[in-house]
Structure formats: structure tokens, C-alpha cells
Amino acid sequence: AQSVAQPEDQVNVAEGNPLTVKCTYSVSGNPYLFWYVQYPNRGLQFLLKYITGDNLVKGSYGFEAEFNKSQTSFHLKKPSALVSDSALYFCAVGEIYNQGGKLIFGQGTELSVKP
Amino acid sequence: DTAVSQTPKYLVTQMGNDKSIKCEQNLGHDTMYWYKQDSKKFLKIMFSYNNKELIINETVPNRFSPKSPDKAHLNLHINSLELGDSAVYFCASSQLWQSYNEQFFGPGTRLTVL
């Protein structure tokens, strides 16, 4: 079975500093990897995905993620954090299941950016 | 202009009652989903429909019955509500069913069973 793990429950960053939210995956075959963000009392918003091609994927709001096959990682990064980036971040892997596709989510990482 | 909408936003009810949550998407997508987010924020898929047909049923109790009257709507009916059903339920949609398609989520319905 496919899975993703987010080893940090919480990440604290000062505004203006670079941020990294970690994700590792375990899949058979080629992975489809996603990052989503959830603001308080809101639904999830898609940030970016990796299917194939360039290992560095750029997404919404200045976020990017690097696919690393040898380390089975897909860490989310941003060069300069904003207070408004504070939210819950989910890594997910897409899995084919009984002729359907589904997302399997990590546990989530709470990002807190302080001024 | 809301892409994926859900009603109601909040639902408070007694154990044993039956309730429904409605979802609509105006993105023209073929595939819709229901997810459950528990109190620890863990997200898990419950159901997936493609063109009104059920394609994923993730070992959810029979008390939960989804219905898709058309491609744009996916409703969730829950019978005999239990305390453990308290959670936030998210509807989502994607253009196609394949797992490389990103999903667009609704705002969620917070269900509280007393």
C-alpha cells in the first residue's frame, strides 16, 4: 500500500526566513505526489503536484517542492515565509484503487510563521 | 463563483438521528469524493463517484449512503448517527478519476453528534 509521512507535527519559522515542510513517501511504481494547504475552518487548497519530469515543481503562493527519488522525499519549500503562510499543510500520494483514484494523506504539519 | 460548495456548514444533532449533507461542483468535473477529517485532522477518503457511478467505497459503515443524482452533485446521507461520526466532512471533485488529477475541496461540513 502507498503511504506518505510527515515527520514534523509543527514547524516554526520567522517571517522572511526560508521554510521547509518535510514529506517522505512509500509507493510501488512511479509516485503522484501532491501538497495541499488548509487554513483554519476552510477546505483544502491545492498547491502543487509532481507527476513526472522536472524534479523541482513550482506551485501557488511562491511554494515549490523537490522530488527526490533516491531519498523518497517530496519536501515543500518557500524562500521567504510570510505570516499569512501559517496553516496546516498536507502531503498526499495518488493511488489507483479499483478503477478509481484516491489521495492518501500524511498526518499534516502545522506551520507557524511569526513576525 | 464557489467551485465546490457544501451545505450545511455546521450540523449539530442527537445520536440516532438521520442527516444529509449536500455537495455541488460547478467545475464540470467528472469525479467527486467524500472525505472525513477526524479530530486529529487526519483525512481519509470515504467514497468516490465517477459520472454518477460509485467507484470507491472505502470500508465505510452501511449507515453512510452516498448518492449522485448527476455529475455535479454528490450527497451523503447518514443513518442512525453515532458519537464517533462527529468529524468534518469534505466534498471534493477532480476533472477525471485518475489519481494524478488534483482534487478541489469544498469548505467542509462540521458534524457534531451529541
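Whatever comes next refers back to the structure up there.
Residues numbered from 1 in each chain as written. Chains lettered and ligands numbered in written order. Predicted model: local features only at pLDDT ≥ 70, side-chain atom pairs only at ≥ 80, totals over all residues. Heavy atoms only, no water.

S.K.: What am I meant to see in the state of the cysteines here?
M.R.: In a disulfide, the sulfur atoms of two cysteines are held together by a covalent bond. Tallied over the full model, the rule gives two disulfides over all chains. The disulfide partner of Cys23(A) is Cys91(A), and the S-S distance across this bridge is 2.0 Å. Here the disulfide of Cys23(A) and Cys91(A) is left-handed, its torsion about the S-S bond being about -60 degrees. Taken together, the residues Cys23(A) in the loop between β3 (19-21) and β4 (24-26) and Cys91(A) in strand β10 (residues 87-97) connect sequence positions 68 residues apart. With respect to class, Cys23(A) is no different from Cys91(A); both count as buried. Linked covalently through their sulfurs, Cys23(B) and Cys91(B) form a disulfide whose S-S length is 1.9 Å. (Disulfide = S-S within 2.5 Å. Helix = DSSP H or I, 4+ residues; strand = E, 2+ residues; numbered from the N terminus. Buried < 20%, exposed > 50% of the residue type's maximum accessible area, 1.4 Å probe, protein only.)

S.K.: What is the right way to read the interface of chain B and chain A from this model?
M.R.: Many analyses report the size of an interface as the accessible area lost when the parts associate. Contact residues are listed per partner, giving 24 residues for chain B and 25 residues for chain A. Joining chain B to chain A, the criterion identifies two salt bridges. Between Glu58(B) and Lys102(A) there is a salt bridge, with its nearest N and O atoms 2.5 Å apart. Our enumeration of links across chain B and chain A arrives at six residue pairs in polar contact (both at pLDDT 80 or more). Put simply, the parts of the chain that give the side of chain B that touches chain A at least two residues each are β4 (31-37), β5 (43-50) and β6 (53-57) of chain B. Each residue belonging to the side of chain B that touches chain A can be placed in one class, and the counts come to 12 nonpolar, seven polar and five charged. (Contact = heavy atoms within 4.5 Å. Salt bridge = Lys/Arg side-chain N within 4 Å of Asp/Glu carboxyl O. Polar contact = N/O pair within 3.5 Å; in protein donor to acceptor, adjacent residues only side chain to side chain. Nonpolar A, V, L, I, M, F, W, Y, C, P; charged D, E, K, R; others polar.)

S.K.: Would you explain the layout of surface pockets in this entry?
M.R.: Rolling a probe over the atoms, with the probe sized like a water molecule, indicates the empty space that remains. Taken as a whole, the largest pocket holds about 260 Å³ of empty space. Surrounding the largest pocket, 19 residues form its lining, Pro40(A), Asn41(A), Arg42(A), Lys41(B) and Arg110(B) being those nearest its centre. Grouping the amino acids of the lining of the largest pocket by side-chain chemistry returns eight nonpolar, six polar and five charged. (1 Å grid on protein atoms, 1.4 Å probe; cavity = no way out; pocket = protein on both sides within 12 Å on 5 of 7 lines; lining within 4 Å. Points joined across faces, edges and corners; volume = space filled by probe spheres on them.)

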